[in-house]
Amino acid sequence: MKKLLLGLFLVFQVSVYADNYVIATKSTSLVLEAKKGERLNFIYYGKSPKNISEIYDSGIALWRDAYPTFGMNGGQENALQVIHPDGNMSLDLVYVSSSVVAKGDTETTTFTLQDKVYPFKVNLVFKAYKANDVIETWSEISHDEKKPVLLQKFASSYLPIRSGNHWITHLEGSFVNEAGVVEEQLTRGCKVLKNMDGIRNTHTSNPSFMIALDGKPSETVGDVIAGSLAWSGNYKISLDKNESNLLEIISGINETASQYSLAPKEVFSTPEMILTYSTEGKGGASRNLHKWARESKIINGTVSKDILLNSWEGVYFNVNQQNMNEMMRDFASIGGELFVMDDGWFGNKYQRNGGESSLGDWDVCVKKLPGGINGLLECAKNNKIKFGLWIEPEMTNSVSELYDKHPEWILRQTNREPSKGRGNTQLVLDLTNPKVQDFVFGVVDKLMISHQNIAYMKWDANMSLVNYGSQYLPKDKQSHLYVEFHRGLRKVLERIRSKYPNLVLQACASGGGRVNYGLLPYFDEAWTSDNTDAMQRLNIQWGTLCFYPSSIMASHVSASPNHQTGRVVPVKFRFDVAMMGRLGMEMQPKDLKEYETEYAKRAIATYKSIRPVVQQGDLYKLISPCDNSQFASLMYVASNKSRAVLFAYRTLYLKEQPSPRFILQGLDPDKSYVLNEIGNLKAGVSTISQEGKIISGKFLMTQGISLPLDKDYGSLVIELNEYKL
Ligand code: GLA
């Protein structure tokens, strides 16, 4: 924030702008007006003006209450609604003071608001990440009243957007069909993105959106605001377009069944709402988020990710010493780097042979794996690969030693029979209980203490919060459960991360149920879907990439016919789709045909060579698979623009329906590039006419290239390297 330097202004102008506060990033500004004793006003969010007066002179200044509260605001939607101990339901917050803390690339501005009558306070915080044009905002609610205040609604942020032809881009879907891109015009009225699962919040809709301000969204041009709520629990984002065409967005924890009794002096911090503003369409907004996320939000976000084999679709629950050893050997022989043993490895009194038992009993099953985890680590070491395993530590089954010992640790209402999940036995542990938090931390800690070389854990969560009742929370705090569960989870993850910062953790929740920025500070990557069909994955990955970077997107090549859809897809297409994220495999390698094994070996080597560009480069989307077209294409460009990788796909071949030209993006128009097809089906054979040709960035980005994609499941990966004399 900088209080504007207004030296050049005439005296009467100073009095107009002197109370403006600018939350500034490299190219954007969020402007608030703060006058002591008056409401804090939201004035502007957008491209930085040359001079603050432009905002006012253009008539775009908004003068909206920056954090509207219930009771003194007429019919307006509110961010905060409370009941004071005396029954009064109103708040009237006025600006008292502000502070600024600068740290590295960030600047955090806190506005303190105070009620005019009650000792009730809100800190409204804005954290600007300057280089990547991202602003996080949240509120910290507290009071000094004699008794608890009941919070009925407690949003993270209110964002008004100037009138315009607003279009929303957001994700919707379901289990095995996550992250479908939906684009629609916002008309007057209210659109709500929400979740009430309690545990997993991204199967259906994701707490993220983009708003194109002036008409149908484009990847390349136009003003776009993107937002994402950093919360792993129930959320609600309401987008209300009012009679003046002003769009008001209120984002936060979903207040349904969550009213919170806030004790005097306790501080309720709401999750961060992440905002970015792009003048380069949706593509610019995605790139801002990706770069910011890698550099500032995701744990180890700039570290290169290993190519892994996960055992799930290869052997499912049928884990044993022999097949684990074989899989490690086979994967190592084609260049793999990490093996992950999925479900089925634990439980002794009750063996884990299906979904019906043993969650909570995290001891290796000695019958299946007599050499124990040490034996597996030894085998991995001999094959020169790393080793990891699957856990689902927030859960138990009614058939487990843990449940026999601690029936009081599960979520349930004590006077009702709990509903069960998977296997008709699964139950959720009560993470509000510190003893349960210790236990969940201990699942990871014990494994790591006895096996320091475990490199990776896939952390799953396969159940919703169906039994709304905590055996730990007191009677008058039962309505805190949805919130406290995730606070408990966060506490556990913080402990794990401070002790094991380099252990790679994958967030999985029945596939893509936990792809959110609430968890990514603790998880290196996410499993975006249990659907591994390359064809459907094109869409799932396309959607995921709107808001989340490729480095977190675990993408695995699986068997053909595919286990979810039965679709038969050539091995090259399967690899080429998986290579647009963090490449992995999820199958039994010994089932591959000889030519597929040979191909896999080459594809893995290829991925290693392009990995820095794919995982850390800037994404440019060229042709969307969501438009129901037969084609899809995207590219990653290294930040110095000396290298790029282009992916092009054709899902369906129809006669006399030629490929489009592929107009490239993100290159340096003044550089020239050498084009080479990589990941060819046959070693040393290129299928593109541009092989080895030198073409200028300018030509590639205006005229484009045509590509030979003339079959079902045709795909190409092309590397572009700067040509230097
Ligand atoms: C969930 C995950 C899968 C797999 C199974 C194991 O469904 O999404 O990837 O790990 O659990 O039971």
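The structure displayed is predicted, hence computed values, not measured ones.

Student: I would appreciate a short explanation of the environment of Ile274 in the present structure.
Tutor: Turning to its location among the elements, Ile274 is positioned in strand β21 (residues 273-278). It is 23 Å that separates the C-alpha atoms of Ile274 and Arg39, two residues lying 235 residues apart in sequence.

Student: How do you make sense of the site of the ligand when you look at a structure like this?
Tutor: Taken together, 13 residues sit near the ligand, with Asp342, Asp343, Arg422, Lys458 and Asp530 positioned nearest. Contact distances for the ligand include 2.7 Å between an oxygen atom and a side-chain N or O atom of Asp342. Between the ligand and the protein, one listed contact pairs an oxygen atom with a side-chain N or O atom of Arg422 at 2.8 Å. Partitioning the shell around the ligand into residue classes produces four nonpolar, three polar and six charged.

Student: Quick question: what am I supposed to make of the pairing of strand β34 (residues 643-650) here?
Tutor: Here is the key point about a regular strand: its side chains alternate between the two faces of the sheet. Among the eight residues of β34, eight are classified as buried, and the element is accordingly described as predominantly covered. Burial of the side chains of β34 extends over both faces: Arg643, Val645, Phe647 and Tyr649 are buried on one face and Ala644, Leu646, Ala648 and Arg650 on the other. Pairing analysis gives seven bridges linking strand β33 (residues 631-637) to β34, with the strands arranged antiparallel. Each residue of the ladder has a partner; that of Ala632, found in β34, is Tyr649. Here β33 folds back onto β34 in antiparallel fashion, the turn holding five residues, of which Lys641 has a positive phi close to 60°. For β34 and strand β37 (residues 714-722), the ladder comprises eight bridges, and the chain directions are antiparallel. Note that in β37 the partner of Ala648 across the bridge is Leu716.

Student: Even after reading the chapter, I still don't get the sheet that holds strand β22 (residues 308-310), so can you show me in this structure?
Tutor: Spatially, the eight strands close up into a barrel ordered β22-β23-β24-β27-β28-β29-β30-β31, and their pairing is parallel. Across this sheet, the average inter-strand angle for adjacent strands is 30°, counted without regard to direction. In this structure, strand β24 (residues 386-391) lies alongside strand β27 (residues 454-459), joined through five bridges in parallel fashion. Opposite Leu389, over in β27, you have Met457 as the bridge partner. Its contacts with the sheet put helix α10 (residues 534-547) on β29 (525-527) and β30 (553-558), and the angle it makes with β30 is roughly 170°. Against the sheet, helix α11 (residues 571-578) makes contact with β30 and β31 (582-586), and its axis sits at roughly 170° relative to β30, the strand it touches most.

Student: When you look at the pairing of strand β35 (residues 672-678) in this model, what are you seeing that I'm missing?
Tutor: In terms of residue burial, β35 counts as a mostly covered element, since five of its seven residues are buried. Bridge count between β35 and strand β36 (residues 694-696): three bridges; the pairing is antiparallel. By the bridge assignment for β36, Ser672 is matched with Ser696. Two elements, β35 and β37, share six bridges in a ladder whose sense is antiparallel. The residue bridging Ile678 from the neighbouring strand is Val717, located in β37.

Student: Looking at this model, I keep getting lost on the pattern of salt bridges. Mind explaining?
Tutor: Any two side chains of opposite charge can pair, so long as their charged atoms come close to each other. Under the defined criterion, the tally for this structure stands at 40 salt bridges. Among the ionic pairs, Glu596 bridges to Arg574, the shortest N-O distance being 3.1 Å. Taken together, the positions of Glu596 in helix α12 (residues 594-616) and Arg574 in helix α11 put the pair 22 residues apart, joining distant regions of the chain. We note that Glu596, like Arg574, is buried. For the salt bridge of Asp668 with Lys671, the shortest nitrogen-to-oxygen distance reads 3.5 Å. Residue Asp668 shares its accessibility class with Lys671, and that shared class is buried.

Here is what the cut-offs are and how they apply
Residues numbered from 1 in each chain as written. Predicted model: local features only at pLDDT ≥ 70, side-chain atom pairs only at ≥ 80, totals over all residues. Heavy atoms only, no water. Helix = DSSP H or I, 4+ residues; strand = E, 2+ residues; numbered from the N terminus. Near = heavy atom within 4 Å. Polar contact = N/O pair within 3.5 Å; in protein donor to acceptor, adjacent residues only side chain to side chain. Nonpolar A, V, L, I, M, F, W, Y, C, P; charged D, E, K, R; others polar. Buried < 20%, exposed > 50% of the residue type's maximum accessible area, 1.4 Å probe, protein only. Pairing = 2+ DSSP bridges. Axes fitted to C-alpha atoms, helices over the stretch in contact; angles between N-to-C directions. Contact = heavy atoms within 4.5 Å. Salt bridge = Lys/Arg side-chain N within 4 Å of Asp/Glu carboxyl O.

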